[in-house]
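Geometric and topological summary
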Amino acid sequence: MLFGFIFALKRIKVFALIGESGTGKSFRAKLVAQKYGIEYIIDDGLLIKENRIIAGHSAKKEKSFLAAVKVALFDEKSHRDEIARKLQSEKIRKILVLGTSEKMVSKIAARLQMPPPSKIVKIEDIATHDEIEKAIRTRRLEGKHVIPVPSIEIKRNYPNIFQNAIQIFKRKGPTESMGRTPKVHEKSVVRPEYSRRGKVVISEAALYQMVKHCIEEHNHDIRSKKIQIRDSKLGYSLAITIDVPYNIQLGGNIHNLQQYIIDNIERYTSILIEEVNIIIDRIIQ
């Protein structure tokens, strides 16, 4: 039974629309889906069929940006399982996954037991530079986000974040040449709770001190020698070089240290740690 379930999901053809946060992916998702004959969209924790939310819950309703990212990445098993079961029951052939990078959409596909994207569309391929810049300004200044379903769907599911509706006309295509009315895609503009508070930035120096403190607190015999910090699209990546005492059990202790750093920094700062790479330089007496 399980084999048949996974096999069915592996037969889905996955398309991806990628672009940095706030560049207008959700705004244009329906147009991309229509172009490639796709009925289903995964966007920010939701599984959308045509104009309905059929599974999942929106990252937009979360109160913190960190929580929103985890929802968008299907971090919770129950969330993943809900979507995967719906994918199976719907007998989906094509699906469009939205994300900020190829790494993100591949991670989402893998977590939902689907194959990696076979076709990747970049936001730069379907929007002009000016359109992207305008979308980014709107996100930063007004905190507005788009969910690619009609307003009535959002009012019913998430009334506390709903703002207003917008309609997008597909102006060019065979419908106009035959004298038919162009297709209209209605989308909902929302303002998540976390976007009302402004942005919180932590300096590399402060993050460095926090990582160093976590290492000392977890095991004072481990010496940190070098800490490299990289700010990525999904959060921060850390590369930590350490010296460890000869009598320490490397496997379990180092993995525990990785998790300890991630848990504490995320808990106390609400920033997302994407990965922690630990390099053991020396075994010391």
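Thresholds applied
- Residues numbered from 1 in each chain as written.
- Predicted model: local features only at pLDDT ≥ 70, side-chain atom pairs only at ≥ 80, totals over all residues.
- Heavy atoms only, no water.
- Phe/Tyr/Trp six-rings, centres within 6.5 Å; stacked < 30°, edge-to-face > 60°.
- Helix = DSSP H or I, 4+ residues; strand = E, 2+ residues; numbered from the N terminus.
- Core = buried A, V, L, I, M, F, W, Y, C linked by side-chain atoms within 4.5 Å.
- Buried < 20%, exposed > 50% of the residue type's maximum accessible area, 1.4 Å probe, protein only.
- Contact = heavy atoms within 4.5 Å.
- pLDDT = per-residue confidence, 0-100.
- Salt bridge = Lys/Arg side-chain N within 4 Å of Asp/Glu carboxyl O.
- Pairing = 2+ DSSP bridges.
- Axes fitted to C-alpha atoms, helices over the stretch in contact; angles between N-to-C directions.
- Patch = residues over 30% accessible without salt bridge, like charges linked within 9 Å, V, L, I, M, F, W, Y side chains within 5 Å.
- Areas by Shrake-Rupley, 256 points an atom, 1.4 Å probe, with all protein chains shown as cover.

Per the counting criterion, the structure on display carries 1 aromatic pair. Judged by centre distance (5.3 Å) and plane angle (35 degrees), the rings of Phe15 and Tyr36 are tilted. Of the two residues, Phe15 sits in strand E1 (residues 13-18) while Tyr36 sits in the loop between helix H2 (25-35) and strand E2 (40-43), which places them 21 residues apart along the sequence.

Moving on: the nonpolar core. Judged by nonpolar contacts, the single largest core of 29 residues is most densely connected at Ile42, Leu47, Leu87, Ile95 and Met114. Elements with a contribution of two residues or more to this core: E1, E2, strand E4 (52-56), helix H3 (65-72), helix H4 (77-90), strand E5 (94-99) and helix H5 (102-111). At 5 residues, the largest contribution of residues to this core is made by H3. Contact partners of Ile42, with chain neighbours within four places excluded, come to Leu47, Phe74, Ile83, Ile95, Leu96, Val97, Leu98, Ile108, Leu112 and Met114. Among the nonpolar cores identified, the runner-up in size contains 23 residues, and Val211, Ile227, Ile262 and Ile273 belong to it.

So, on to the confidence of the model for the chain. Averaged over all residues, the pLDDT of the chain equals 80, while 75% of them reach at least 70. Throughout residues 1-5 the model reports pLDDT below 50, and contacts reaching past four residues in sequence, or to other chains, amount to 4 contacts. Taken together, the stretch residues 171-179 has pLDDT below 50 and engages in 5 contacts with residues farther than four places along the chain or on a different chain.

Let's shift gears to the pattern of salt bridges. Applying the stated criterion to the full structure yields 11 salt bridges. A salt bridge links Asp75 to Arg111, with the shortest nitrogen-to-oxygen separation between them at 3.3 Å. Here Asp75, found in the loop between H3 and H4, pairs with Arg111, found in helix H5; they are 36 residues apart in sequence, far enough to count as distant. By relative accessible area, Arg111 is classed as partly exposed at 28%. Salt bridges linked by common partners bring Lys225, Asp243, Asp281 and Arg282 together as one network.

Another point: the sheet that holds strand E3 (residues 46-49). Spatial strand order, E4-E3-E2-E5-E1-E6: 6 strands in an open sheet with mixed pairing. Each of the sheet's edge strands pairs with one partner strand only, and the pair in question is E4 and strand E6 (119-122). Taken pair by pair, the neighbouring strands of this sheet meet at an average axis angle of 25 degrees, ignoring direction. Pairing of E2 with E3, which is carried by 4 bridges, proceeds in the antiparallel orientation.

Our next topic: a nonpolar patch on the surface. A cluster of nonpolar side chains, contributed by Tyr246, Leu250, Ile280 and Ile283, occupies part of the molecular surface with about 370 Å² of accessible area. Note on Ile283: relative accessible area 48%, which makes it partly exposed.

Moving on: the pairing of E5. Two faces, one strand: in a regular strand the side chains alternate between the faces of the sheet. The buried count for E5 comes to 5 of 6 residues, which makes it a mostly enclosed element. As defined by bridge partners, E2 adjoins E5 across 3 bridges and the pair is classed as parallel. Note that in E5 the partner of Ile42 across the bridge is Val97.

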